[in-house]
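# Structural characterization, general
The residues making up each chain are set out below.
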Amino acid sequence: MNVTVIGAGLAGSEAAWQLAQRGIDVTLREMKPEKKTPAHETEYFAELCCSNSLRSDQLENAVGLLKEELRRLGSLILQCADATRVEAGGALAVDRHGFARMVTEQIRSHPHITVVPGEVTEIPEGEVVIASGPLTSDALAERLQSLLGADTALHFYDAAAPLLTAESVDMDKAWFGSRYDRGTADYVNCPMTEAEYDAFWKELTTAQEAPVHGFEDKMVFEGCMPVEVMARRGHDTLCYGPLKPRGLKDPRTGKEPYAVVQL
Ligand SMILES: Cc1cc2nc3c(=O)[nH]c(=O)nc-3n(C[C@H](O)[C@H](O)[C@H](O)COP(=O)(O)OP(=O)(O)OC[C@H]3O[C@@H](n4cnc5c(N)ncnc54)[C@H](O)[C@@H]3O)c2cc1C
């Protein structure tokens, strides 16, 4: 039997690996480096295009437990992530280039995997895994759309993470630490008092906003929401989400601040 896997991202690389490890021949079709999505930059497989954190590695929460299950099932992604991890408190974060390079080497050297470069524009015959990700090329997305029917819409919601320079952070106020002092102190924590948070919230909810893409003004993706949309849902909503202060004691006061921006 031969299985075609479309896309050598995180999902496609893992799917190809798992099949190949079971002795099944895999044809892995990846459009890079000839054609790249707007978010991918390198020639490597399993390229992380945003955060290098794969989130918590603690067994007492769902994402940490899932990673341990994947490890025990011989996950390629977890093997490579563990081998290229960088310090990030209780989270599993990776050296993104080292990680992607290692996944690529493992995939390319597997005797049961044949990599065929080039964009897939038609769904091939036979057993196929489509793992072309949120930025599936237009031609394949159209094929999928016609297969799934007119009522099914394929959407991608874009989000951008801001980058800050270290010099712009006032380290007389911010401090290095990790939540609940787990692992090493790898995050910069910027505290806010209640008055500072209130001023920030008011500025944020009345600020001029970047224009959004067509469909995004009607619906946002709850899993990756613009911060201003979250702020509009309630004065303290951010304090229970990305700015939550739980487990972060300000060394200057010995107390949890009202809100914390964790970098
Ligand atoms: C800008 C951006 C920021 C993101 N930020 C985060 C984040 O911070 N955290 C997070 O968890 N997730 C984030 N995501 C989502 C992220 O893409 C997924 O978590 C993860 O990459 C999905 O893995 P995947 O294997 O499904 O898709 P991808 O990693 O996107 O892999 C799909 C692969 O298929 C290839 N491909 C596409 N179409 C074709 C075709 N027609 N023929 C052949 N090959 C094709 C692509 O080149 C790519 O290599 C972000 C996505 C984007 C675009």
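Preceding block: the structure.
These numbers come from a predicted model, not from an experiment.

## A few points about the side chain of Glu-47
The topology assignment puts Glu-47 in the loop between β2 (25-30) and β3 (53-56). In terms of polar contacts, Glu-47 uses its side chain to reach the side chain of Lys-32, at 2.8 Å. Polar contacts involving the side chain of Glu-47 include one to the main-chain amide nitrogen of Glu-41, which spans 2.7 Å. Not counting the four nearest positions on each side in its chain, Glu-47 is found in contact with Lys-32, Ala-39, His-40, Glu-41, Thr-42 and Ala-100.

## A word on the nonpolar core
Counting 23 residues, the largest nonpolar core has Val-5, Val-26, Leu-28, Phe-99, Val-103, Ile-107 and Ile-113 as the members making the most contacts within it. Elements that contribute at least two residues to this core include exactly β1 (2-6), α1 (10-21), β2, α3 (76-83), β5 (91-94) and α4 (96-108). When residues of this core are assigned to their parent elements, the largest contribution, 5 residues, is made by α3. In this view, Ile-113 contacts Ala-16, Trp-17, Ala-20, Val-26, Leu-28 and Ile-107; residues no more than four positions away in its chain are not counted. Of all hydrophobic cores here, the second largest spans 12 residues; its members include Val-229, Ala-231, Leu-238 and Ala-259.

## As for the sheet that holds β2
Two strands in a sheet stick together by hydrogen bonds in their backbones, pointing the same way (parallel) or opposite ways (antiparallel). Pairing within the open sheet is parallel, and its 4 strands lie in the order β6-β2-β1-β7. A single partner strand is all that each edge strand has here, and the edge strands are β6 (113-117) and β7 (127-130). Sheet twist, expressed as the mean angle between neighbouring strand axes with direction ignored, is 20°. Both β1 and β7 contribute to a ladder of 4 bridges, which runs parallel. Bridged to Ile-6 within β7 is Ile-130. Running over the sheet, α1 touches β1, β2, β6 and β7 and is turned about 165° from β2.

## As for the environment of Val-3
The residue Val-3 is located in strand β1 in this model. For Val-3, a relative accessible area of 5% corresponds to the buried category. Through-space distance from the C-alpha of Val-3 to that of His-40 is 25 Å; in sequence the pair is 37 residues apart. Discounting residues that sit within four places of it in the chain, Val-3 has contacts with Leu-19, Ile-24, Asp-25, Val-26, Thr-27, Glu-127 and Val-129.

Conventions we followed
Residues numbered from 1 in each chain as written. Predicted model: local features only at pLDDT ≥ 70, side-chain atom pairs only at ≥ 80, totals over all residues. Heavy atoms only, no water. Helix = DSSP H or I, 4+ residues; strand = E, 2+ residues; numbered from the N terminus. Polar contact = N/O pair within 3.5 Å; in protein donor to acceptor, adjacent residues only side chain to side chain. Contact = heavy atoms within 4.5 Å. Core = buried A, V, L, I, M, F, W, Y, C linked by side-chain atoms within 4.5 Å. Buried < 20%, exposed > 50% of the residue type's maximum accessible area, 1.4 Å probe, protein only. Pairing = 2+ DSSP bridges. Axes fitted to C-alpha atoms, helices over the stretch in contact; angles between N-to-C directions.

Geometric descriptors of this kind do not, in isolation, establish any biological role.
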